[in-house]
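This is what each chain is made of:
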Amino acid sequence: MDMERMRKVATLLNYEIKDLNFKRLVDHVLQRIPDRYEEGFLSFSIYQRYSKWGAHVYDNNVYFDVKKLEEKSGGDEDVKIGFIAHELAHVFLNHTSSQNQGRLTLKHEDEADEFASMWGFAKEIKAFRQKIGPPAVEEEIDIIIYTLSRC
Ligand SMILES: [Zn+2]
């Protein structure tokens with residue numbers, strides 16, 4: 001996708017990743033998503049912030065915890081790229097708290113993996129899953145816990 005265009009048409013509202021190495025990877029993933037998917041994205045934002053799970057999606061905001069992702073990936077770029085593509089697939093598929101009443105299920109996890117693979121990240125999704133493990137229900141009930149922790 002063309003990031004300049006995305007910012008112009010306000011698909012990508014805020015993009016705040018301070019870590020330049022990590023930002024390079026997010027740029028890489030966004031650019032590799034085929035253009036034809038661009039208009040399927042609702043407006044979303046990307047932030048660098050603490051996330052217990054390394055990354056999570058909440059209300060069309062994607063939060064990346066760069067330090068935690070570094071630990072989880074063991075520094076492997078393919079794993080990180082797979083992680084990023086997976087989270088962006090959640091955004092594209094509108095797997096947000098409002099739509100799912102705070103629940104991400106295993107079905108959503110598989111859908112996100114499949115979608116990211118379809119975008120061309122099959123190799124990286126495989127690396128991500130090999131490193132992080134198959135989706136576990138608890139692993140990605142991120143949104144519920146996140147919501148509770150905000151209450
Ligand atoms: Zn997920």
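Residues numbered from 1 in each chain as written. Predicted model: local features only at pLDDT ≥ 70, side-chain atom pairs only at ≥ 80, totals over all residues. Heavy atoms only, no water.

**Q** How would you summarise the overall build of the protein if you had to cite specific residues and measurements?
**A** The secondary structure content of the protein amounts to seven helices and four strands. Considering only intrachain contacts with a sequence separation of at least 6, the fraction spanning at least 24 residues in the protein is 66%. Split by element, the accessible area of the protein, about 7600 Å² in all, is 51% carbon and sulfur. (Helix = DSSP H or I, 4+ residues; strand = E, 2+ residues; numbered from the N terminus. Contact = heavy atoms within 4.5 Å. Areas by Shrake-Rupley, 256 points an atom, 1.4 Å probe, with all protein chains shown as cover.)

**Q** Please give an account of helix α3 (residues 66-73) that cites residues and values.
**A** Three or more residues of α3 are buried, namely V66, L69 and S73. Buried residues of α3, viewed axially, fall in a sector of 60°; they line one side. Among the exposed residues of α3, those oriented more than 90 degrees off its buried face are K67 and E71. Tucked inside the fold, the buried residues of α3 contact α2 (20-32), β2 (44-48), β4 (61-64), α4 (77-92) and α6 (106-132). (Buried < 20%, exposed > 50% of the residue type's maximum accessible area, 1.4 Å probe, protein only. Arc of directions from axis to C-beta.)

**Q** Before we move on, can you summarise the side chain of H95 with the specific residues and values?
**A** Tracing the sequence through the fold places H95 in the loop between α4 and α5 (97-100). According to the relative accessible area criterion, H95 is buried, its value standing at 2%.

**Q** Lay out the nonpolar core in plain terms, naming residues and giving numbers.
**A** Counting 40 residues, the largest nonpolar core has L30, F44, I46, F64, L88 and W119 as the members making the most contacts within it. Residues in contact with L30, not counting those within four places in the same chain, are M1, M3, L12, Y15, F44, I46 and L88. (Core = buried A, V, L, I, M, F, W, Y, C linked by side-chain atoms within 4.5 Å.)

**Q** An account of the environment of H90 is requested, with residue identities and associated values reported.
**A** Position of H90 among the secondary structure elements: in helix α4. It is 8.2 Å that separates the C-alpha atoms of H90 and E109, two residues lying 19 residues apart in sequence.

**Q** Got a sec to walk through the packing of α2 against α4? Specific residues and values, please.
**A** Viewed as axis vectors pointing N to C, α2 and α4 meet at an angle of 55°, and their least axial separation amounts to 10 Å. In this view, α2 runs oblique relative to α4, as classed from their interaxial angle. Seen from above, α2 lies across α4 with right-handed handedness. Of the residues in α4, those touching α2 at F22, R24, L25, V26, H28, V29, L30 and R32 are E77, K80, I81, I84, A85 and L88. (Axes fitted to C-alpha atoms, helices over the stretch in contact; angles between N-to-C directions. Parallel < 35°, antiparallel > 145°, perpendicular 65-115°, else oblique. Left-handed = near helix turned anticlockwise from the far one by under 90°.)

**Q** Any details on the side chain of N60? Residues and values, ideally.
**A** Within the secondary structure layout, N60 lies in the loop between β3 (55-58) and β4. Once you skip the residues sitting within four places of it in the chain, N60 turns out to touch L42, S43, F44, S45, N94 and T96.

**Q** I'd like a rundown of the packing of aromatic side chains, residues and numbers included.
**A** Applying the stated criterion across every chain yields a total of twelve aromatic pairs. Summarising the aromatic geometry, the rings of F92 and W119 are spaced 5.8 Å apart at their centres and angled 85° between planes, so their arrangement reads as edge-to-face. Of this pair, F92 sits in helix α4 while W119 sits in helix α6, and the two are 27 residues apart along the sequence. For the pair shown, F92 and W119 are each scored as buried. Members of the aromatic cluster, connected to one another through ring pairs, are Y37, F41, F44, F92, F115 and W119. Over the face of the ring belonging to Y47 we find R49, whose NZ or CZ atom lies 5.1 Å from the ring centre. (Phe/Tyr/Trp six-rings, centres within 6.5 Å; stacked < 30°, edge-to-face > 60°. Lys NZ or Arg CZ within 6 Å of the ring centre and 35° of its normal.)

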